[in-house]
Amino acid sequence: MKRVLEPELMQDLLQVQAYAEADFSESDNSLIKRIEEILDLESKQLGSKSLIVDLGCGPGNITERLSTRWPFSKILGIDGSEAMLAVARQRKNHRETYSRINYCCCDLGSIVNRSIVFEKAADLIVSNSLLHHLHDPSYFWKALQHFTAQGTVYLHRDLRRPSSMDEAIALQKKYLPDAPKVLINDYLASLQAAFTVSEVEVQLESQGLEHLRVCENDDRYLEIFGSF
Ligand SMILES: C[S@@+](CC[C@H](N)C(=O)[O-])C[C@H]1O[C@@H](n2cnc3c(N)ncnc32)[C@H](O)[C@@H]1O
């Protein structure tokens, strides 16, 4: 199936509301487990001086879990959609345990062209379901480099593009059978916009990031991980 772009930022209020209200807890929790495994693999420990960056954080589903799992580390959630961040900030204000989270509204393009500069490199950079939004994926890999220092660990999980629309519809029926229409449409659009493992391998090679590993994860995801 050919890649079909979807809008980068999720700004439509109905779309934001449907996404924020959906229950992605099973896959979100499995992402945290996977981060634990990768930190172990890379012999990396996170402490009170550590900074974790969650790129394309949306309403904060992963950001909040990172904060619960590593309560002494600082967490920075970045997203270009003010509507998504409004939900994230509202949720943060209701929980004292999220006090080490900061949210920043910023498009990846502004990081790449340095109109926004972050001073501190991250110990861990995470993204979930972001890469497929980008019309030019090189922005993603270039933005990462602005947060990277020796020892930075990465885990990026995203959908991977199925080979046909029938396969995409089968995945939607399996994983989002009863969701609101707006979420189903978004999911199908995301599957069509997603990359394949071999496309990501080409992206990594062209950015000099061949040391990162890419693999398929179950029937719908791909993962890119490793350290600098
Ligand atoms: C599918 S949501 C994922 C949200 C969150 N990571 C999660 O797993 O729940 C993708 C998010 O990436 C953000 N995004 C897409 N393109 C972006 C860009 N160029 N710069 C910053 N954020 C972007 C969207 O606004 C949206 O909130």
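**Thoughts on the overall build of the chain**
Point 1. Helices and strands together make up the secondary structure of the chain, namely nine helices and seven strands.
Point 2. Expected size for 228 residues packed as a compact globule is a radius of gyration near 17 Å; at 17 Å, the chain falls within 12% of this value.
Point 3. Its C-alpha atoms put the chain at 45 × 40 × 35 Å along the principal axes.
Point 4. Just so you have it, the chain exposes about 11000 Å², and 51% of that area is on carbon and sulfur atoms.
Point 5. Treating the 25 positive side-chain charges of the chain as one cloud and the 33 negative ones as another, the clouds have centres 5 Å apart.

**Considering the site of the ligand**
Point 1. Around the ligand sit 21 residues in total, of which E8, Y19, G56, D79 and N128 are the nearest.
Point 2. In this structure, G80 approaches the ligand through a main-chain N or O atom, which is 3.1 Å from a nitrogen atom.
Point 3. Burial of the ligand by the protein amounts to 98% of the accessible area it has alone, namely 590 Å².
Point 4. Mapping the ligand onto the cavity grids shows that it belongs to the largest pocket.

**Things to note about the environment of E42**
Point 1. Here E42 lies in the loop between α2 (25-41) and β1 (51-55).
Point 2. It is 9.6 Å that separates the C-alpha atoms of E42 and T152, two residues lying 110 residues apart in sequence.
Point 3. Within the structure, the side chain of E42 is placed 3.3 Å from the side chain of R213, a separation counted as a polar contact.
Point 4. Reaching out from E42, the side chain makes a polar contact with the side chain of S227 at a distance of 2.8 Å.

**Some remarks on the pairing of β1**
Point 1. Most of β1 sits inside the fold, with five of its five residues counted as buried.
Point 2. Across the two faces of β1 the burial is the same, with L51, V53 and L55 and I52 and D54 all buried.
Point 3. Two strands pair when backbone bridges link them, and β1 and strand β2 (residues 74-79) are joined in this way by five bridges, in the parallel orientation. If you follow D54 over to β2, its bridge partner there is G77.
Point 4. Viewed along the sheet, the connection from β1 through helix α3 (residues 61-69) into β2 turns out right-handed.
Point 5. Of the pairings in the sheet, the one linking β1 to strand β4 (residues 124-128) comprises four bridges and is parallel in character. If you follow V53 over to β4, its bridge partner there is I125.

**Side note on the packing of α2 against α3**
Point 1. Two elements in contact, α2 and α3, have axes whose closest approach is 10 Å; the angle formed by their N-to-C orientations is 45 degrees. With respect to each other, α2 and α3 are oriented oblique. Between α2 and α3 lies a crossing of right-handed hand. For the pair formed by α2 and α3, the contact residues are S25, D28, N29, L31, I32, I35 and E36 on the first element and N61, I62, R65, L66 and R69 on the second.
Point 2. In terms of residue class, the contact of α2 with α3 is made up of five nonpolar, three polar and four charged.

**Points about the state of the cysteines**
Point 1. Per the counting criterion, the structure on display carries zero disulfides.
Point 2. No disulfide involves C106; its nearest neighbouring cysteine sulfur is the one of C104, lying 4.9 Å away.
Point 3. Residue class for C106 comes out buried when judged on its relative accessible area of 3%.

**Regarding the layout of surface pockets**
Point 1. Each pocket or cavity is described by its volume, and for the largest pocket that value is around 860 Å³.
Point 2. Looking at the largest pocket, it is lined by 42 residues, and the ones nearest its centre are Y19, F24, N128, S129 and H132.
Point 3. Listing elements by their share of the lining of the largest pocket, those giving two or more residues are α2, α3, β2 and α8 (181-193).

Conventions and cut-offs
- Residues numbered from 1 in each chain as written.
- Predicted model: local features only at pLDDT ≥ 70, side-chain atom pairs only at ≥ 80, totals over all residues.
- Heavy atoms only, no water.
- Helix = DSSP H or I, 4+ residues; strand = E, 2+ residues; numbered from the N terminus.
- Rg over C-alpha atoms; globule rule 2.2 N^0.38 Å.
- Areas by Shrake-Rupley, 256 points an atom, 1.4 Å probe, with all protein chains shown as cover.
- Lys, Arg positive; Asp, Glu negative; His and termini not counted.
- Charge placed at Lys NZ, Arg CZ, Asp CG, Glu CD.
- Near = heavy atom within 4 Å.
- Polar contact = N/O pair within 3.5 Å; in protein donor to acceptor, adjacent residues only side chain to side chain.
- 1 Å grid on protein atoms, 1.4 Å probe; cavity = no way out; pocket = protein on both sides within 12 Å on 5 of 7 lines; lining within 4 Å.
- Sits in = over half its atoms within 2 Å of the grid points.
- Buried < 20%, exposed > 50% of the residue type's maximum accessible area, 1.4 Å probe, protein only.
- Pairing = 2+ DSSP bridges.
- Right-handed = clockwise from strand over helix to strand, strands pointing away.
- Axes fitted to C-alpha atoms, helices over the stretch in contact; angles between N-to-C directions.
- Parallel < 35°, antiparallel > 145°, perpendicular 65-115°, else oblique.
- Left-handed = near helix turned anticlockwise from the far one by under 90°.
- Contact = heavy atoms within 4.5 Å.
- Nonpolar A, V, L, I, M, F, W, Y, C, P; charged D, E, K, R; others polar.
- Disulfide = S-S within 2.5 Å.
- Points joined across faces, edges and corners; volume = space filled by probe spheres on them.

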